[in-house]
Amino acid sequence: MNTNHRPPIIDMTPEGQFRDPAPRRPTSRLDRLLMRVGGVAVLLAIISGALVLVTLAVMAFAILLPVAIVAGAVGAGTLWWRMRRARAQGTPVRFGFVRR
């Protein structure tokens, strides 16, 4: 596949004559090198941005996991305490949803 092929541009003068396309300047080696370096730089920026997002997700998980463990322990402790009090008072202990 030829990468230098461009579709034709039809340009007309007010008199109805076709204009010749402007001659293309050949790209220099420096331009091609700078295009390649720029492409690599953009790719590295995208990869580093993705790594930052992954790092933030891991940090959020590391912060939220102990909070979830403590909340579960507090919930289990309150359920244990309520069951203990209910048994001491002789009331039946029920789990689940109670319809009234």
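Quick notes on the rules
Residues numbered from 1 in each chain as written. Predicted model: local features only at pLDDT ≥ 70, side-chain atom pairs only at ≥ 80, totals over all residues. Heavy atoms only, no water. Helix = DSSP H or I, 4+ residues; strand = E, 2+ residues; numbered from the N terminus. Areas by Shrake-Rupley, 256 points an atom, 1.4 Å probe, with all protein chains shown as cover. Patch = residues over 30% accessible without salt bridge, like charges linked within 9 Å, V, L, I, M, F, W, Y side chains within 5 Å. Salt bridge = Lys/Arg side-chain N within 4 Å of Asp/Glu carboxyl O. Buried < 20%, exposed > 50% of the residue type's maximum accessible area, 1.4 Å probe, protein only.

**So, the overall build of the chain**
- Tallying secondary structure elements over the chain gives 1 helix and 0 strands in all.
- Carbon and sulfur atoms make up 67% of the accessible area of the chain, which amounts to about 10,200 Å² in all.

**Thoughts on a nonpolar patch on the surface**
- Where nonpolar side chains cluster on the molecular surface, the patch consists of Val40, Leu43, Leu44, Ile47 and Leu51 and spans about 480 Å² of accessible area.
- Mapped onto the elements, Ile47 comes out in helix α1 (residues 29-89).
- Assessed through its relative accessible area of 44%, Ile47 is described here as partly exposed.

The values reported here are purely geometric and, on their own, carry no functional implication.
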